[in-house]
Amino acid sequence: WEPPKPKPYHDVGNLRYFLQEPDCYDQFSVIYDGGDRTAIFKNTAREPVLIEERARWTETYIRWSPQGTYLATFHAKGIALWGGEKFEQIMRFSHPGVQLIDFSPCERYMVTFSPILSTQEDQQQIIIWDIRTGMKKRGFHCETQSTWPILKWSNDGSYFGRITPDTLSVYETPSMGLLEKKSLKITGLRDFSWSPSDNIIAYWVPEQQNVPARVTLIQMPSRQELCIKNLFNVADCKMHWQKNGDYLCVKVDRYSKAKKIDEKDQFKYSGLYYNFELFRIREKQIPVDKVEVKENVIAFAWEPVGSRFAFIHGESPRISVSFYQIRPGKVETIKTLERKQANHLFWSPAGQFIVLAGLRNMNGVLEFVDASDVTVMAQTEHFMATDVEWDSTGRYVVSAVSWWGHKVDNGYWIWSFQGRLLQKIQLERFCQLLWRPRPPSLLSIEQMRAIKKNMKKYTEQFEVMDRLRQSNVSTEILEKRSEMMNEYKSFRERATEEWESMKYRRLELRDGVDTDTLEYEENDEEIVEFLLKVEEVVVEE
Amino acid sequence: TATAVRTCGFSFSGRYIMYTTDKTMGRPCEIHIFDLNDIRNGEPTMVIPISSSKITSAVWGPYEEYIITGHENGEICHYDLKSGDKINSCKEHSKQINDLQLSKDMSMLISASKDTTAKLFETATLGHMKTYKTERPVNSASLSPIYDHVVLGGGQEAMDVTTTSTKVGKFDARFYHLVFEEEFGRVKGHFGPINSTAFHPDGKSYSSGGEDGYVRVHYFDPSYFDFRFEF
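Residues numbered from 1 in each chain as written. Chains lettered and ligands numbered in written order. Predicted model: local features only at pLDDT ≥ 70, side-chain atom pairs only at ≥ 80, totals over all residues. Heavy atoms only, no water.

Looking at an unreviewed UniProt entry, one finds chain B named Serine-threonine kinase receptor-associated protein, with Magallana gigas as its source organism. The UniProt entry for chain B carries the following text under Sequence similarities (unreviewed entry): "Belongs to the WD repeat STRAP family." (UniProt positions renumbered as here; feature names shortened; annotations may be inferred.)

Identification of chain A as Eukaryotic translation initiation factor 3 subunit B from Magallana gigas is taken from an unreviewed UniProt entry. Quoted verbatim from the Subunit (unreviewed entry) heading of the UniProt record, the comment on chain A is "Component of the eukaryotic translation initiation factor 3 (eIF-3) complex." Quoted verbatim from the Subcellular location (unreviewed entry) heading of the UniProt record, the comment on chain A is "Cytoplasm".

1. A closer look at the packing of aromatic side chains
Counted according to the given criterion, the structure contains 53 aromatic pairs over all chains. Pairing Phe-368 of chain A with Trp-415 of chain A gives two aromatic rings, centres 5.6 Å apart and planes at 40°, and the pair type is tilted. One end of the pair, Phe-368 of chain A, is in strand E33 (residues 365-370); the other, Trp-415 of chain A, is in strand E37 (residues 411-416), with 47 residues separating them in the sequence. Take Phe-368 of chain A and Trp-415 of chain A: they sit in the same class, and that class is buried. Taken together, the aromatic side chains of Tyr-147, Phe-175, Phe-180, Phe-184, Phe-199, Tyr-206, Phe-220, Tyr-224, Phe-225, Phe-227 and Phe-229 of chain B make up a single cluster linked through ring pairs. Of note, Arg-436 of chain A hangs over the ring of Phe-18 of chain A, and the distance from its end group to the ring centre comes to 3.8 Å. For Lys-457 of chain A, the ring lying beneath its charged end belongs to Tyr-458 of chain A, and the centroid distance is 5.6 Å. (Phe/Tyr/Trp six-rings, centres within 6.5 Å; stacked < 30°, edge-to-face > 60°. Helix = DSSP H or I, 4+ residues; strand = E, 2+ residues; numbered from the N terminus. Buried < 20%, exposed > 50% of the residue type's maximum accessible area, 1.4 Å probe, protein only. Lys NZ or Arg CZ within 6 Å of the ring centre and 35° of its normal.)

2. Side note on empty space enclosed by the protein
Residues and elements named next belong to chain A. On inspection of all chains with the given rule, the structure shows one cavity of 30 Å³ or more. When its volume is computed, the largest cavity comes out at roughly 50 Å³. The element best represented in the lining of the largest cavity is strand E13 (residues 159-164), accounting for three residues. Across the lining of the largest cavity, the residue classes tally to four nonpolar, four polar and two charged. (1 Å grid on protein atoms, 1.4 Å probe; cavity = no way out; pocket = protein on both sides within 12 Å on 5 of 7 lines; lining within 4 Å. Points joined across faces, edges and corners; volume = space filled by probe spheres on them. Nonpolar A, V, L, I, M, F, W, Y, C, P; charged D, E, K, R; others polar.)

3. Some thoughts on a negative patch on the surface
Residues Glu-476, Glu-479, Glu-483 and Glu-487 of chain A make up a contiguous surface patch of negative charge. Tracing the sequence through the fold places Glu-476 of chain A in helix H2 (residues 455-501). (Patch = residues over 30% accessible without salt bridge, like charges linked within 9 Å, V, L, I, M, F, W, Y side chains within 5 Å. Areas by Shrake-Rupley, 256 points an atom, 1.4 Å probe, with all protein chains shown as cover. Salt bridge = Lys/Arg side-chain N within 4 Å of Asp/Glu carboxyl O. Lys, Arg positive; Asp, Glu negative; His and termini not counted. Charge placed at Lys NZ, Arg CZ, Asp CG, Glu CD.)

4. A short note on the sheet that holds E33 of chain A
Residue and element names in this part refer to chain A. Read across the open sheet, the four strands follow the order E31-E32-E33-E34; overall the sheet is antiparallel. With partners counted over all chains shown, the strands left at the sheet margins are strand E31 (344-347) and strand E34 (375-381), one partner each. Geometrically, the sheet is characterised by an average inter-axis angle of 20° between neighbouring strands, direction not taken into account. Pairing of strand E32 (residues 353-358) with E33, which is carried by six bridges, proceeds in the antiparallel orientation. Considered in E33, the bridge of Phe-353 is made with Asp-370. (Pairing = 2+ DSSP bridges. Axes fitted to C-alpha atoms, helices over the stretch in contact; angles between N-to-C directions.)

5. Description of the interface of chain A and chain B
Contacts between the two partners involve 24 residues from chain A and, on the opposite side, 34 residues from chain B. Carbon and sulfur atoms supply 60% of the area that chain A and chain B bury against each other, a total of about 2,700 Å² over both sides. The largest contributions to the chain A side of the interface with chain B come from Arg-481, Tyr-488 and Leu-509 of chain A, which together make up 23% of the buried area. Counting across the interface, chain A meets chain B through four salt bridges. Linking chain A to chain B there are six residue pairs in polar contact (both at pLDDT 80 or more). Among the secondary structure elements, those contributing two or more residues to the side of chain A that touches chain B are H2 and helix H3 (503-509) of chain A. Considering only residue class, the side of chain A that touches chain B consists of 12 nonpolar, three polar and nine charged. (Contact = heavy atoms within 4.5 Å. Buried area = accessible area lost by both parts, 1.4 Å probe. Polar contact = N/O pair within 3.5 Å; in protein donor to acceptor, adjacent residues only side chain to side chain.)

6. A look at the sheet that holds strand E11 (residues 117-122) of chain B
Residue and element names in this part refer to chain B. Pairing is antiparallel in the open sheet, where four strands are placed in the order E9-E10-E11-E12. Looking at the sheet topology across the chains shown, the edges are occupied by strand E9 (97-102) and strand E12 (127-133). Between one strand axis and the next, the sheet turns through 20° on average, direction left out of account.

7. Description of the UniProt feature "repeat: WD" (unreviewed entry) in chain B
The sites that UniProt annotates as "repeat: WD" (unreviewed entry) are residues 90-131 and 187-217 of chain B. Split by type, residues 90-131 of chain B is 0% helix and 57% strand. Its first and last C-alpha atoms lie 14 Å apart.

8. What about the layout of surface pockets?
Looking at the second largest pocket, its volume works out to about 1,500 Å³. At the level of elements, H2 of chain A together with strand E1 (5-10), strand E5 (55-60), E9, strand E13 (138-143) and strand E17 (194-199) of chain B are the ones that each hand at least two residues to the lining of the second largest pocket. Across the lining of the second largest pocket, the residue classes tally to 23 nonpolar, 12 polar and 10 charged.

9. Section: the environment of Ser-183 of chain A
Residue and element names in this part refer to chain A. As for its position among the elements, Ser-183 is in the loop between strand E15 (177-178) and strand E16 (184-185). A residue is classified by how much of its surface remains accessible, and Ser-183, at 22% relative accessible area, is partly exposed. Put simply, Ser-183 and Ser-197 are 14 residues apart on the chain and 23 Å apart in space, counted from C-alpha to C-alpha. A polar contact is formed between the side chain of Ser-183 and the side chain of Ser-169, at a distance of 3.1 Å.

10. Quick look at the pattern of salt bridges
All names here are of chain B. This structure, assessed with the given rule, holds 36 salt bridges over all chains. The residue Asp-22 makes a salt bridge to Lys-54 at a minimum N-O spacing of 3.9 Å. One end of the pair, Asp-22, is in the loop between strand E2 (16-21) and strand E3 (29-35); the other, Lys-54, is in the loop between strand E4 (46-50) and E5, with 32 residues separating them in the sequence. For the residue pair Asp-22 and Lys-54, the accessibility class agrees, reading buried in each case. Note that Arg-186 and Asp-172 form a salt bridge whose closest N and O atoms lie 3.7 Å from each other. With Arg-186 in strand E16 (residues 183-190) and Asp-172 in strand E15 (residues 171-177), this residue pair connects regions lying 14 residues apart in the sequence. A single salt-bridge network, built from bridges that share partners, covers Glu-135, Asp-172, Arg-174, Glu-183 and Arg-186.

And the structure:
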């Protein structure tokens, strides 16, 4: 046995170089040409500037890691991660047939899923990898049908959990072992989710026999129950955490009548009505507010930073969008916008602004709303839009028509957060655009407040820079046009010479008639009167 | 003729006519040339068979020395009248050529293609000069006889589109600056794709014919003639 030789240190460079972009242009990835070409662009002022483009970089699609450090590409053999200024390959992970991936929020771990069950290599369907070392940390088999991601991470990456029938298993990192070597037995467990900011798990259990359904919040790792809410007549629940972890909304579908289907433990529900249970996580003992909704809820979204939420409700053609605010002690309606064509909500990552979109079969209607007073700033459309993506700073929105959804007019349009159309980019068989995420800001709240206070000073500097850039661009364009015109003029001179020299031929071909300067004959108008007939009419007295 | 005729035209002197036939029913695509001074019982003076991609558009070269052909694969060629040989060709377009038109002095050739672009070439050399980009297939393109303007007409083929925008009259003719390749105007009005465009010889108007069955004649208003591009 020989001790392993130390591998030479591979310097990947500054993986976060993109944050130091002097003009703060964000990057975004574009897949086009039906999937054959993948390109990374910089969101520059007049048109996107290409940073890197590779043919067949990925075989299906791509994903950015949650903090934007890595670009993941999919291949038949597994996943590759790319990063750094030159997008070099950072790490490779072998998982044949991989279809889905997920990253831990801290970017230390990546989970891959492949449906292939290979008995020879004892391949597992779900594998957890350590990204830095590329080592396989743990694998799982996929027993039941679930939605991806099957393993859910706590926000700091210390824990991850998964559901198996009647069981919630929580594992800790880096050991990947079961926390306290014991799973939680929860009969009937349907779904769980982590708070995006704390190690708190929320899960819900449907009603069983005479026991009502309930939503429970527990603290990890202590497993201390922080809050239990009993709910009656529950058909289904859906959990929505606010991005800062300040609130949890559980959308509850309630029934008036339930009929049991045969011997199976399934019910048929009718007479559904809805409400939201709003948990105030930061307040003592987590009080819960209830908001009733008359109609079917199509979409729900928390404002990422703040205490507002919006949801789309109703049935076509009477669809409305309502805005609510959570205040100490009560939840109040801000306003409801009626008769809207919307099936998706997209809040700006910075809060306050929201795009109401009617995607796909609603033909791409887009409305830009300022939630502070719920006024519509702009009503526009990107015909047949299939996707909407905010950049991570909340300054720009992209609406896109993906070739995967619609076969013509593929491309993306860039809008300002107020709904002003900035650029229209058409790309042959454009498929997907993803903004490169940014890691959370390193500034403290006081520092951010100080910057906002001194905004006027910074605005002056920016205006000067902008003005300079504008005039530069103008002169650039003028110079370019001048060049093009000069080139063309020299061609024109040659063409005119040729034309003159061929005059003889033209005369030849047209039997000596000079047709070069054939003008229309000036028509003189002459009025000529002709006597048509003479008629005598006797006028009666 | 045995198969459908795709394009036809009079030569500069009017002495010759040419037409091209389709590649169907086992017959190859052909260029037929007739000498009107010498019609020998309906037989063409010259037949040039095309074995490569079939011809989708053709015009006479400037001085009746060659025929300029546009093909289904995007190629543009010169066929010599006397020998029937292909004497020049280029492949700048990626899809079929829908229309070919010459400038007034015949020094420039504009091609309209299904690949959503129109391109400008030097007639004699087939040297590629300019490209005008759109998002829809271009069915026809014309050069203004008095200005550096180009008009493009096109639109999505009916069978490729299940629904279009609810805005009616959405099919438009687009005006580009010949040298700068930048679009500066659009004229809406057609209810279907535009299949053919042509400037009036005096340059003061243009006409467009479309799939909707209408021919629209447009007279430019004074602002068209005052329009200038800065450079």
